[in-house]
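# Remarks on the overall topology
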Amino acid sequence: MTQAPDATNPDLADERRAAMVDRLVADGWISGPEVEAAFRTVPRHLFVPEGTPLEKAYDADQSVVAKAGPHGVSMSTVSAPWLQAHMIAQAGIAPGMKVLEVGSGGYNASLLAHVVGDQGQVVTVDIDPEVTARATAGLGAAGYGDRVIVVTADAEHGVPAYADYDAIVVTVGAWDLAPAWLEQLTDGGVIVVPLRMNTFTRSLALRRSGEHWVSTSAQLCGFVPMQGLGARKERRLQMRDPAGGVVTLLFDETEIDNPHSLAGALEHGPVHAWSGVTIPDQGEFGDLHLWLAGFLPGFCRVEAGPGTPMAAEGVCRTWFPFGAVLDDSFGVMELRESDLPGGDREFGARGYGPHATEAAEALVAQIKAWDVHGRQIPDDAFAYWPAGTTIPASDAPVGQFHKIHGTATITWPPVS
Ligand SMILES: C[S@@+](CC[C@H](N)C(=O)[O-])C[C@H]1O[C@@H](n2cnc3c(N)ncnc32)[C@H](O)[C@@H]1O
């Protein structure tokens, strides 16, 4: 398996590993001495594909692709060290715990095994037999072969044979929480899961609170998508502009009543609307997209294809290519230089279609609402309500994301 060419130089691997861990400690990702010891001990280079240079294997910030699928899409990666450390911290992994890892590779399972120690247990499950074979080989080579149980299965069912777990760490992008995961946790158990909410993923640490689950932390992240029963693809709607280019709207949870009515939308517009809401250069506005995803009807992501005027103007080249459909029209967010007090850039929207003005103004109304209610999301803002539980009425703004097995919510602080 999977030795890097310079893996034959153990001193260099040790040196790179030490540097990586020093970075993780300095940046605050490592949560305690046991976790630090695990990162200092487990040889990450034994779990990356053959030929991976040591500096890439031990880059604290980067994942390494372990298996690519059709069209170069990553199917399996060795996740980025900072994120692995952070998810271990989110889960509060400690000696003696029984842990289920969803999505394998071997490296993270070795870290978990090192932290839980002889009195604990780690089970790792992956849907792909190639991945579990690679994980088994790496675990053996790294000396953790007899400390981790490797299972090949669709994790939608959890791994009931070894339940209950003190912690479940999901290391693959999930659109919903499989009921089996929640059922297979101990009463005080925690699930750490990168949950997608209307196109945006946060690694949430969720703990039981009565009948529902409440976050104790949330971290922006990205993961390869879930396969098997829990897989969920974005839907794409393509529109031609008058010059022949293609603009694509991508929908996750949004349902559009009559997608065909958008066919000619690009023939009208753009019409611009501005919000007066500003940010300083490099300023924080990280959660605006979650607000829009939660409250803007018709929410979508927008891709402007080559040759379209939108692409030429760089409208979707920012990291917030968001928009919303309104009947036969749609709006897309944009930014302009601003000399308004308090900020260097102003948020706005452009609209296309017979109701271009209304579509742009609908977006701007929610940008303004975010400015008043939404700039701060507390750690306990996220919750998951299994199907059949009642979400109580609230005076605070609550974004709801309807899943198959329950509803995810984000509750912003009420305005005082
Ligand atoms: C990011 S990788 C896991 C990384 C790994 N934990 C590590 O040590 O860095 C995600 C894995 O999830 C697996 N996966 C995807 N869907 C799955 C499912 N339904 N059940 C189990 N595993 C799944 C993929 O095959 C892939 O290997």
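Residues numbered from 1 in each chain as written. Predicted model: local features only at pLDDT ≥ 70, side-chain atom pairs only at ≥ 80, totals over all residues. Heavy atoms only, no water.

The protein chain appears in an unreviewed UniProt entry as Protein-L-isoaspartate O-methyltransferase from Parafrankia irregularis. UniProt, in its Subcellular location (unreviewed entry) section for the protein chain, records the words "Cytoplasm". Annotation of the protein chain in UniProt includes, under Sequence similarities (unreviewed entry), the sentence "Belongs to the methyltransferase superfamily. L-isoaspartyl/D-aspartyl protein methyltransferase family." (UniProt positions renumbered as here; feature names shortened; annotations may be inferred.)

This next bit is on empty space enclosed by the protein. Scanning the model with the defined rule gives 1 cavity of 30 Å³ or more in all. In this structure, the largest cavity spans a volume of roughly 390 Å³. As for the largest cavity, its lining consists of 31 residues, and the residues nearest its centre are Gly103, Ser104, Asp126, Thr171 and Val172. Its residues placed into classes, the lining of the largest cavity shows 16 nonpolar, 11 polar and 4 charged. (1 Å grid on protein atoms, 1.4 Å probe; cavity = no way out; pocket = protein on both sides within 12 Å on 5 of 7 lines; lining within 4 Å. Points joined across faces, edges and corners; volume = space filled by probe spheres on them. Nonpolar A, V, L, I, M, F, W, Y, C, P; charged D, E, K, R; others polar.)

The next thing to look at is the packing of helix α1 (residues 10-26) against helix α2 (residues 33-41). Packing of α1 against α2 leaves a shortest axis separation of 9 Å and a crossing angle of 155°. Looking at the two axes, α1 sits roughly antiparallel to α2. In terms of crossing hand, the pair formed by α1 and α2 is right-handed. Contacts between α1 and α2 involve Arg17, Ala18, Met20, Val21, Asp22, Leu24 and Val25 from the former and Glu36, Phe39, Arg40 and Thr41 from the latter. (Axes fitted to C-alpha atoms, helices over the stretch in contact; angles between N-to-C directions. Helix = DSSP H or I, 4+ residues; strand = E, 2+ residues; numbered from the N terminus. Parallel < 35°, antiparallel > 145°, perpendicular 65-115°, else oblique. Left-handed = near helix turned anticlockwise from the far one by under 90°. Contact = heavy atoms within 4.5 Å.)

A word on the packing of helix α8 (residues 288-295) against helix α10 (residues 356-373). Running from N to C, α8 and α10 cross one another at 120°; their axes reach a closest spacing of 10 Å. With respect to each other, α8 and α10 are oriented oblique. Pair α8 / α10 crosses with right-handed handedness. Contacts between α8 and α10 involve Leu288, Trp291, Leu292 and Phe295 from the former and Leu363, Gln366, Ile367, Ala369, Trp370 and His373 from the latter. Here the residues of the contact of α8 with α10 sort into 8 nonpolar, 2 polar and no charged.

In this section: the nonpolar core. Core analysis: the biggest nonpolar cluster contains 57 residues, and Trp181 and Ile191 have the highest contact counts within it. Here the element with the most residues in this core is α10; it accounts for 6 residues. Other than its neighbours up to four places away in sequence, Ile191 contacts Ile168, Val170, Trp181, Leu182, Leu185, Leu204, Ala205, Leu206 and Trp213. (Core = buried A, V, L, I, M, F, W, Y, C linked by side-chain atoms within 4.5 Å. Buried < 20%, exposed > 50% of the residue type's maximum accessible area, 1.4 Å probe, protein only.)

Another aspect to go through is the site of the ligand. Taken together, 25 residues sit near the ligand, with Ser76, Glu101, Asp126, Ala155 and Gln227 positioned nearest. Take Asp126: an N or O atom from its side chain is 2.7 Å from an oxygen atom of the ligand. At a separation of 2.9 Å, a nitrogen atom of the ligand approaches a polar backbone atom of Ala155. In isolation the ligand exposes 600 Å². Once the protein is present, 100% of that is buried. Looking at the shell around the ligand, the elements that each hand over two or more residues are β2 (74-78), α5 (107-116) and β4 (121-126). With 4 residues, β2 is the largest single contributor of residues to the shell around the ligand. (Near = heavy atom within 4 Å. Polar contact = N/O pair within 3.5 Å; in protein donor to acceptor, adjacent residues only side chain to side chain. Areas by Shrake-Rupley, 256 points an atom, 1.4 Å probe, with all protein chains shown as cover.)

Pairing is mixed across the open sheet formed by 10 strands, whose spatial order is β5-β4-β3-β6-β7-β8-β9-β17-β19-β18. Either end of the sheet is taken by a strand with one partner, and the two such strands are β5 (148-152) and β18 (398-402). Averaged over all pairs of adjacent strands, the angle between strand axes in this sheet comes to 20°, irrespective of strand direction. Relative to strand β9 (residues 212-220), strand β8 (residues 200-209) runs antiparallel, the two being bridged by 8 bridges. For Ala205, the partnering residue across the bridge sits in β9 and is Ser217. Where α5 meets the sheet, it contacts β3 (98-102), β4 and β5, and its direction lies at approximately 165° from that of β4. (Pairing = 2+ DSSP bridges.)

A few words now on the domain arrangement of the protein chain. For the protein chain, the assigned domains read domain 1 (5-230) and domain 2 (235-373). Domain 1 and domain 2 are separated by 35 Å when their C-alpha centres are compared. Contact residues are listed per partner, giving 7 residues for domain 1 and 11 residues for domain 2. If you look at where domain 1 meets domain 2, you find 2 salt bridges. Residue Asp287 pairs with Arg202 through a salt bridge whose shortest N-O separation is 2.7 Å. One can count 7 residue pairs in polar contact (both at pLDDT 80 or more) joining domain 1 with domain 2. Counting only elements with at least two residues in the side of domain 1 that touches domain 2, the list comes to β7 (185-197) and β8. Here the residues of the side of domain 1 that touches domain 2 sort into 3 nonpolar, 2 polar and 2 charged. (Domains from an automatic or database assignment. Salt bridge = Lys/Arg side-chain N within 4 Å of Asp/Glu carboxyl O.)

The next subject is the packing of aromatic side chains. Using the criterion set out here, one finds 11 aromatic pairs in the structure. Ring plane angle 75° and centroid distance 6.4 Å describe the contact between Phe39 and Tyr107, whose orientation is recorded as edge-to-face. In this pair, Phe39 sits in helix α2 while Tyr107 sits in helix α5, placing the two residues 68 residues apart along the sequence. Residue Phe39 is classed as buried on the basis of its relative accessible area of 0%. (Phe/Tyr/Trp six-rings, centres within 6.5 Å; stacked < 30°, edge-to-face > 60°.)

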